[in-house]
Every structure is written in C-alpha cells, then in structure tokens.
Amino acid sequence: MTAPVAVVLAAGKGTRMRSAQPKVLHQAAGRPLLAWVLDAARAAGCGQTLVIVGHGQTAVQAAFAGRQDVRWVVQEEQRGTGHALAQAAPFFEHERRILVLSGDVPLVSARTLGQLLAASRESWGAMAVAELDQPGRLGRVLQAPDASLARIVEHADANRAERAVRRVNAGLYALRAPAIFADLAGIDTDNAQGELYLTDALGRAVAAGRRIALVPLADPAEALGVNDRCDLARVHRVLLDRVVDRLMSEGVTVLEPARTSIEPQVEVGADSVIHPGVSLLGATVIGAGCQIHQGAWIRDSVIADGAVIKPYSVLDGARVGVRAAVGPLARLRPGAHLGAAAAVGNFVEVKNATLGAGAKAGHLAYLGDAEVGAHANIGAGVVTCNFDGSAKHRTVIGEHAFIGSDTMLVAPVVVGADALTGAGSVITHDVPEGALGIGRSRQKDIPDWHARQALASKKVRGGKEKG
Ligand code: UD1
Ligand code: CA
C-alpha cells in the first residue's frame, strides 16, 4: 500500500484575523497553526504533503524552509477552498486517496486522519464532523437517511433551520483523486460569499452516487478552526490544557491550570509544583520535586531535581543544578549554569557564566562570561566588566573566594581560590590565591566639615545683605 498523501489548504487571506501576518503563521502554544497540521499529517504516515499557499506565500514558505516532506503549490488568486484544492490536480492524475486538511484547523490528531482513511476505504470518501454546542460560523452538515453526507451548507448561505443544526464540518476529509477534481471542475460561485466552495464539490460527488461517510470526532475540540483572534485564543488554550492534563497525570501539581502556560515539548518531574502565572516554554525540562513559583518565565532551560525558582524570575537557555535556588526576580540568560545548591537572588543577572556548587550571588549583581568556583560568595552590586568596547573577556573566580560588595572585576581577570576583594574595589589585575585585593582610594576624613560649611554659607548670605 502506498503511503497516503495530504493536501493542506493554507492560501486564504484570513481577513477576520485583521493581521499583516498570514493566518497560518499565527502561533498557538508556541508554534504556527500550520505546523500543527503538518505534524498531524506526518504522524498519520503521509510521506508527502502538498501545501496550497497564496496569501503571504513567501513568509509561509520561509517559516517552513526546513521541512523536507512539504511541497508547495501556489494558488495565485484566492477564490475559495474548492479553487484551492483544484490547484493540486496536476499532482493526482492516477487513482489515489488524499487527505485534505485545512491549515487553520490545528487540533487535528493523527488518529482522526487514520479514521478518515479507514472510513474512505469502505465508502468513496469520508469527512470529520462534530456536534458543537456553539457551532458558530462553521459549515453545517446535513445527513442522508443512511447517516452519510447529504450536503454541506455554509453558515453564510444557511437558513434558520439549517443554522440550528449543530453538526459541523471540521474541514478534514479523505477523498479520491482524480474523481474529486472532476467534481471541482463543476462548481460555481453562486453563493453568499461568491467563492468556489470545496463543500459544493462534495455535494456533487454525493449527487453522482458516491458515498461520503461522516466520521464523528472523538474530541469535538478537533473541529475548532481559527478564523479570528477569539478562535486563536480558544485553540491555544486547548493545546495548553492538553499539556497540563498530561503533566498532572504524571504526578505534577499545577495549582491553577487556567493561569499556567506550558508548551507541549516541556517535561516536568513528579512532585514538582507549578504555581499560578508560570510560563514553561520551548524545550524546558524540569526535574522532580521542584517548586516553580508565581510568575516565573522559563524557556529552553534545564532545571534539576529539588530546585526552587522563586517568583518573577526569568530563565532563558539556563541550567540549574539540584536544590539550587533562583530569585525572586533573578535573570538567567543563555549559558547560565548553576551548580548544585548554588543560589542567585534578586536583581542578579547571569549570562554565559558558571556558578559552582554552593556558590552564592544574593543581590544586585552582573555575572557575564565568568566562572565562579564552588562556594564562592559574590557580594551585592558586584559586576564583571566583561566588555571593553570591542571584545568580551572572561572573569575567573576561585573556590571559596569572597568578592566584596560593589567590586568591579575588570576582565580578563582571575581571583584565586580563598581570595577576597575589598568592598568597592576596582580589580584590574589578578588577585593571588588567598590574598586580599583592594583597589580603591583611601578614605579621608575632613574634621568639622558640617560646622565649616554652615559658617561659609552664613558669610555669603551676610555679604549679600550688606551689598
Ligand atoms: C471552511 C468550510 C466549512 C468548514 C470550515 C472548517 C468551505 C467552503 N467551508 O470554512 O464548511 O466548517 O472550513 O474550519 O470549504 N483557503 C485557501 N484558498 C482559498 C480559500 C481558503 O487555501 O481561496 C484555505 C484557508 O487558508 C484555510 C482553509 O482553506 O486554511 C479554509 O478556508 P476558510 O476561508 O477559513 O473557510 P471557512 O469559512 O472556515
Ligand atoms: Ca476556517
């Protein structure tokens, strides 16, 4: 048996999005709508997928440049879904079953596509339907006496009785080539939207005696299409809820699912607790028994078991060791690596820097392009001055070193193990192991300053009165 082929309709304008961006590039759960559809097709075993593009075609093709399984077909003018599918005709001269999908129906599962293919083996074709409490503007599906398709009425063309039908067309079909292209050749634009409807071609197939089975969606959410921003928000939420449900079933506590954004690739270990307002994005992996507190924003980061991320911390491309603590209000940028039980507190920024086990930077510091040894202590206000205006340089701090508050470490510079720096120092050359490095002007006290100032100002005022 040859692998099924999918055709995805993705050329439409998506006018109701009111966007400069093509509709299928809008993101749900961190990925473009079209990516979800393409993945479902691939998971259903489609070796190749033809994507019909038109509106914003350059941007769409660029966004999927890496996909080997996609072949682009251009629909120069967007004259409706029937016209869109007709563009694929030259690829299907021989008998072939094709899955026709909508680029704006992203919740479709591979399982549903498998069901459609199976149903289309027994009938001539098959299409997915769902009974929705709020069928909105989706096409209404009218049944024949044998429960197969009679015809589809678009919302814009439907009368009151037809609009009352809750069975909708999900825009997912298994059809046969080349017959469907003959049906498409017979449709016209005599409808409320003046478009060439794919749904009319299905009506013609049925009128010609070909049976199209109706496959009810196991999860009616799969029928949700994205035509406007409200639909987009709904679909986004469904995708995120699926992730939260999976994590909860794996033993993760999510205190307020509706106030939590966890993207599909994310993994979280058992007994971790996710507080409200947390975003876990991209390829983030969180270990077991972690606490991720309110408002933490974490992308592409790896957090080991038992770590605590305190409120409103931002982690991007960071690695956090076991039982380490971050925040509140800390920022870990790409290449920030915290060892076991290391701690980074409020208003500390770490970039391309490693903190060894048990190292601490409690407050107000910048550690960039640095290596901080185990158990070193970084005082408040410490800055690694890593940039000289043209190049970046490294700072190396040894184990158990103590960097006094407000020390400026002018890189490249090395502070040896067990060394100290005096508060307020500007360290411009290496501090040997165990030494105290101080680089600041000595304090000078001017006696009676206050009284002298007072006297001086009196004189000035007195002088003015006289003159
Ligand atoms: C379509 C169906 C409707 C169904 C719904 C499911 C038709 C006539 N109606 O309506 O019965 O309930 O999908 O979501 O098919 N497209 C093109 N070229 C075009 C026009 C559209 O490629 O010229 C693409 C769009 O980019 C989109 C898909 O086809 O991805 C569906 O088009 P859209 O205009 O959104 O159709 P709906 O009105 O939602
Ligand atoms: Ca649509």
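Because the structure is a prediction, the values reported are computed rather than measured.

Thoughts on the site of ligand 1
Then, in step 1: Around ligand 1, a shell composed of 23 residues is seen, among which Gly12, Gln75, Thr81, Glu154 and Asn169 lie nearest.
Then, in step 2: Between ligand 1 and lysine 23, the relevant distance is 3.4 Å, taken from an oxygen atom to a side-chain nitrogen or oxygen of the residue.
Then, in step 3: Take asparagine 227: an N or O atom from its side chain is 3.3 Å from an oxygen atom of ligand 1.
Then, in step 4: Protein coverage of the free-state accessible area of ligand 1, which is 750 Å², stands at 90%.
Then, in step 5: One can see that ligand 1 is located within the largest pocket.
Then, in step 6: Elements with a minimum of two residues in the shell around ligand 1: helix H3 (81-86) and strand S10 (167-177).
Then, in step 7: Of the residues forming the shell around ligand 1, the biggest block, three residues, is contributed by S10.
Then, in step 8: Residue composition of the shell around ligand 1, grouped by class: eight nonpolar, eleven polar and four charged.

Some words on the packing of aromatic side chains
Then, in step 1: The tally for this structure, following the rule as stated, stands at one aromatic pair.
Then, in step 2: Judged by centre distance (6.0 Å) and plane angle (15°), the ring pair of phenylalanine 92 and phenylalanine 181 falls under stacked. Taken together, the residues phenylalanine 92 in the loop between H3 and strand S6 (96-102) and phenylalanine 181 in helix H6 (residues 179-185) connect sequence positions 89 residues apart.
Then, in step 3: With relative accessibility at 4%, the residue phenylalanine 92 sits in the buried group.
Then, in step 4: Positioned over the ring face of tryptophan 124 is arginine 210, at 4.8 Å from the centre of the ring.

A short note on the layout of surface pockets
Then, in step 1: Volume-wise, the largest pocket comes out at about 1,100 Å³.
Then, in step 2: Every residue lining the largest pocket is counted, 40 residues in all, and those nearest its centre are Lys23, Thr81, Asp104, Glu195 and Asn227.
Then, in step 3: Looking at the lining of the largest pocket, the elements that each hand over two or more residues are H3, S10 and helix H7 (198-207).
Then, in step 4: It is S10 that provides the largest number of residues to the lining of the largest pocket, a total of four residues.
Then, in step 5: When its volume is computed, the second largest pocket comes out at roughly 340 Å³.
Then, in step 6: Around the second largest pocket, the lining comprises 14 residues; the ones closest to its centre are Gln134, Gly136, Leu224, Asp231 and Arg234.

Regarding the coordination of the calcium ion (ligand 2)
Then, in step 1: Asp104 (OD) and Asn227 (OD1) make up the full set of protein donors to the calcium ion (ligand 2), lying at 2.3 to 2.4 Å. A residue pair is termed long-range when its members are at least 10 positions apart, and aspartate 104 in the loop between S6 and helix H4 (110-122) and asparagine 227 in the loop between strand S11 (212-216) and helix H8 (229-249) qualify at 123 residues.
Then, in step 2: The class of aspartate 104 is buried, set by a relative accessible area of 15%.

With respect to the pattern of salt bridges
Then, in step 1: Enumeration according to the criterion identifies 21 salt bridges in this entry.
Then, in step 2: Across the pair arginine 67 and aspartate 39 runs a salt bridge whose closest N-O atoms are separated by 2.8 Å. One end of the pair, arginine 67, is in the loop between helix H2 (57-63) and strand S5 (70-74); the other, aspartate 39, is in helix H1 (residues 33-43), with 28 residues separating them in the sequence.
Then, in step 3: Across the salt bridge formed by arginine 42 and aspartate 69, the nearest N and O atoms sit 3.9 Å from each other. Linking arginine 42 in helix H1 with aspartate 69 in the loop between H2 and S5, this pair joins segments that are 27 residues apart in sequence.
Then, in step 4: By relative accessible area, which is 9% here, aspartate 69 ends up buried.
Then, in step 5: Counted as one network, the salt bridges with shared partners bring together Arg31, Asp39, Arg42, Arg67 and Asp69.

Considering the environment of valine 460
Then, in step 1: Within the fold, valine 460 resides in helix H9 (residues 449-466).
Then, in step 2: Since its relative accessible area comes to 51%, valine 460 is described here as exposed.
Then, in step 3: Sequence spacing of valine 460 and valine 226 is 234 residues, and the spatial spacing of their C-alpha atoms is 77 Å.

Digging into the pairing of strand S27 (residues 343-355)
Then, in step 1: Pairing between strand S24 (residues 325-326) and S27: two bridges, direction parallel. The partner of valine 326 across the bridge, within S27, is valine 344.
Then, in step 2: As paired elements, strand S26 (residues 336-338) and S27 share three bridges and run parallel to each other. Residue pairing across strands places histidine 337 opposite threonine 354, the latter belonging to S27.

Quick word on the side chain of serine 425
Then, in step 1: Secondary-structure assignment places serine 425 in the loop between strand S35 (420-421) and strand S36 (426-427).
Then, in step 2: A relative accessible area of 0% places serine 425 in the buried class.
Then, in step 3: Looking at serine 425, its side chain comes within polar contact range of the main-chain oxygen of glycine 422, at 2.7 Å.
Then, in step 4: Within the local environment of serine 425, its side chain forms a polar contact with the backbone nitrogen of glycine 439, the two atoms lying 3.1 Å apart.
Then, in step 5: In this structure, serine 425 is in contact with Asp406, Thr407, Met408, Gly437, Ile438, Gly439 and Arg440, ignoring residues within four places of it in sequence.

Here's the deal with a nonpolar patch on the surface
Then, in step 1: There is a patch of nonpolar side chains on the surface, built from Tyr312, Leu329, Phe347 and Leu364 and spanning about 420 Å² of accessible area.
Then, in step 2: Looking at the secondary structure, you find phenylalanine 347 in strand S27.

Details of H1
Then, in step 1: Summarising burial for H1: eight of the eleven residues are buried, a large majority.
Then, in step 2: Directly beyond the C-terminal end of H1, a positive phi value near 95° is found at glycine 45.

Details of H7
Then, in step 1: Buried within H7 we find Leu198, Thr199, Ala201, Leu202 and Ala205. Buried residues of H7, seen end-on, are gathered within an arc of 155° and therefore sit on one face of the element.
Then, in step 2: The positive-phi residue at the C-terminal boundary of H7 is glycine 209, with phi of around 95°.

Criteria and thresholds
Residues numbered from 1 in each chain as written. Chains lettered and ligands numbered in written order. Predicted model: local features only at pLDDT ≥ 70, side-chain atom pairs only at ≥ 80, totals over all residues. Heavy atoms only, no water. Near = heavy atom within 4 Å. Polar contact = N/O pair within 3.5 Å; in protein donor to acceptor, adjacent residues only side chain to side chain. Areas by Shrake-Rupley, 256 points an atom, 1.4 Å probe, with all protein chains shown as cover. 1 Å grid on protein atoms, 1.4 Å probe; cavity = no way out; pocket = protein on both sides within 12 Å on 5 of 7 lines; lining within 4 Å. Sits in = over half its atoms within 2 Å of the grid points. Helix = DSSP H or I, 4+ residues; strand = E, 2+ residues; numbered from the N terminus. Nonpolar A, V, L, I, M, F, W, Y, C, P; charged D, E, K, R; others polar. Phe/Tyr/Trp six-rings, centres within 6.5 Å; stacked < 30°, edge-to-face > 60°. Buried < 20%, exposed > 50% of the residue type's maximum accessible area, 1.4 Å probe, protein only. Lys NZ or Arg CZ within 6 Å of the ring centre and 35° of its normal. Points joined across faces, edges and corners; volume = space filled by probe spheres on them. Donors = N, O, S within 2.8 Å, 3.2 Å for Na, K, Ca; no water. Salt bridge = Lys/Arg side-chain N within 4 Å of Asp/Glu carboxyl O. Pairing = 2+ DSSP bridges. Contact = heavy atoms within 4.5 Å. Patch = residues over 30% accessible without salt bridge, like charges linked within 9 Å, V, L, I, M, F, W, Y side chains within 5 Å. Arc of directions from axis to C-beta.

Spatial relationships are all this shows, so hold off on functional conclusions.
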